[in-house]
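Residues per chain are reported as follows:
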Amino acid sequence: MADRHILPGLLIAGFMLAVAGCQSGDSGTVLGGGSKDTPKPPTEKVLESELRGYCPLVNLRDGTAYFNSYAKGGQDDPSKLSYQASIADVTRSCTRSNGMLNLNVAVAGKVVPGPAGVSGTITMPIRVVVIQGETIVYSELKKHQVSVTDPTAATQFLVNDPNISLPDPTVRNIRIYAGFDEGPPKKKAADAE
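Given the structure is predicted, the values throughout are model-derived calculations rather than measurements.

Student: Got a minute to help me understand the overall build of the protein chain in this structure?
Tutor: A count of helical and extended segments in the protein chain gives four helices and eight strands. Counting helices and strands in the order they occur from the N terminus, the protein chain gives α-α-α-β-β-β-β-β-β-β-β-α. Counting contacts in the protein chain only where the partners sit at least 6 residues apart, residues at least 24 apart contribute 66% of the total. Surface summary for the protein chain: the accessible area is close to 13700 Å², and the carbon and sulfur share equals 55%.

In structure tokens, the structure reads:
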């Protein structure tokens, strides 16, 4: 009597495994949403030399992580602060081609409105500098614009500079800096005399 119940159970289990096996070979139409004829997107191969290659870090210099903007005539008055921008993170990516090291430096942060903050577009001066040994080989000031739509909430921003290219170094002597650069301090009327 037990043999009569085991044989049909084995036949059903075998049928289910066979059906499951047929289904798993065509994942593009069942779960993938595409057909078997749909080509897969090409994937770029990362070379081992790129993974192990030298890619200098980006640093944030002291005093360049924050940028304050004040309403007209309210310089350094906390009640006249329009906004404060801050850099939260800096990073880079490196690629190599034809004997050149190509860098893409990214800066991320946020803009927080102050008591005098209003909606509008603000411009932040962000500088990227590359120093090789003791020589500045790249320095670019970007006037990055951020649209502030809600003067009561923070707005995030992301700036990148993908245009840095220099001969692939044989010595690991490159330093990269990114941060706000307001330029030299403005002279006051009393200082100008």
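Here the narrative resumes, following the displayed structure.
Student: Please explain the pattern of salt bridges as it appears in this structure.
Tutor: Note on pairing: side chains with opposite charge can pair once their charged atoms come close. With the rule as written, the count across this model stands at two salt bridges. Linking aspartate 168 and arginine 96 is a salt bridge whose minimum nitrogen-to-oxygen distance equals 3.1 Å. Taken together, the positions of aspartate 168 in the loop between strand 7 (155-167) and strand 8 (174-180) and arginine 96 in strand 3 (residues 81-97) put the pair 72 residues apart, joining distant regions of the chain. Judged by its relative accessible area of 31%, aspartate 168 falls in the partly exposed class. Owing to a relative accessible area of 23%, arginine 96 belongs among the partly exposed residues under this scheme. The residue aspartate 181 makes a salt bridge to arginine 127 at a minimum N-O spacing of 2.5 Å. With aspartate 181 in the loop between strand 8 and helix 4 (189-192) and arginine 127 in strand 5 (residues 120-132), the pair connects residues that are 54 residues apart, well separated along the chain. Residue aspartate 181 is classed as partly exposed on the basis of its relative accessible area of 23%.

Student: Is there a simple way to think about the sheet that holds strand 2 (residues 66-70) in this case?
Tutor: The strands making up a sheet are joined through hydrogen bonds of the backbone, oriented either antiparallel or parallel. As summarised here, the arrangement of the four strands in space is 2-3-4-7, forming an open sheet in which the pairing is antiparallel. In this open sheet, the two edge strands, each paired with only one partner strand, are strand 2 and strand 7. Going across the sheet, the axis of each strand differs from the next one's by a mean of 25°, ignoring polarity. Pairing of strand 2 with strand 3 involves five bridges; the strand directions are antiparallel. In the sheet register, tyrosine 66 faces strand 3, and the bridge partner there is serine 86.

Student: What should I look at first to understand the sheet that holds strand 6 (residues 135-148) in this one?
Tutor: In space, the four strands of this open sheet follow the order 1-8-5-6, with mixed pairing throughout. Sheet topology places strand 1 (58-59) and strand 6 at the edges, where each strand pairs with a single neighbour. With seven bridges joining them, strand 5 and strand 8 adopt antiparallel strand pairing. In the strand pairing of strand 8, glutamine 132 is matched with isoleucine 174.

Student: Please clarify how the state of the cysteines should be interpreted in this entry.
Tutor: In protein chemistry, a disulfide is the covalent bond that joins the sulfur atoms of two cysteines. Tallying each qualifying case throughout the model produces one disulfide. Here cysteine 55 connects covalently by a disulfide to cysteine 94, the sulfurs 1.9 Å from one another. Given an S-S torsion of about 80°, the disulfide between cysteine 55 and cysteine 94 has right-handed geometry. Taken as a pair, cysteine 55 in the loop between helix 3 (48-52) and strand 1 and cysteine 94 in strand 3 lie far apart in primary sequence, 39 residues in all.

How each quantity is defined
- Residues numbered from 1 in each chain as written.
- Predicted model: local features only at pLDDT ≥ 70, side-chain atom pairs only at ≥ 80, totals over all residues.
- Heavy atoms only, no water.
- Helix = DSSP H or I, 4+ residues; strand = E, 2+ residues; numbered from the N terminus.
- Contact = heavy atoms within 4.5 Å.
- Areas by Shrake-Rupley, 256 points an atom, 1.4 Å probe, with all protein chains shown as cover.
- Salt bridge = Lys/Arg side-chain N within 4 Å of Asp/Glu carboxyl O.
- Buried < 20%, exposed > 50% of the residue type's maximum accessible area, 1.4 Å probe, protein only.
- Pairing = 2+ DSSP bridges.
- Axes fitted to C-alpha atoms, helices over the stretch in contact; angles between N-to-C directions.
- Disulfide = S-S within 2.5 Å.

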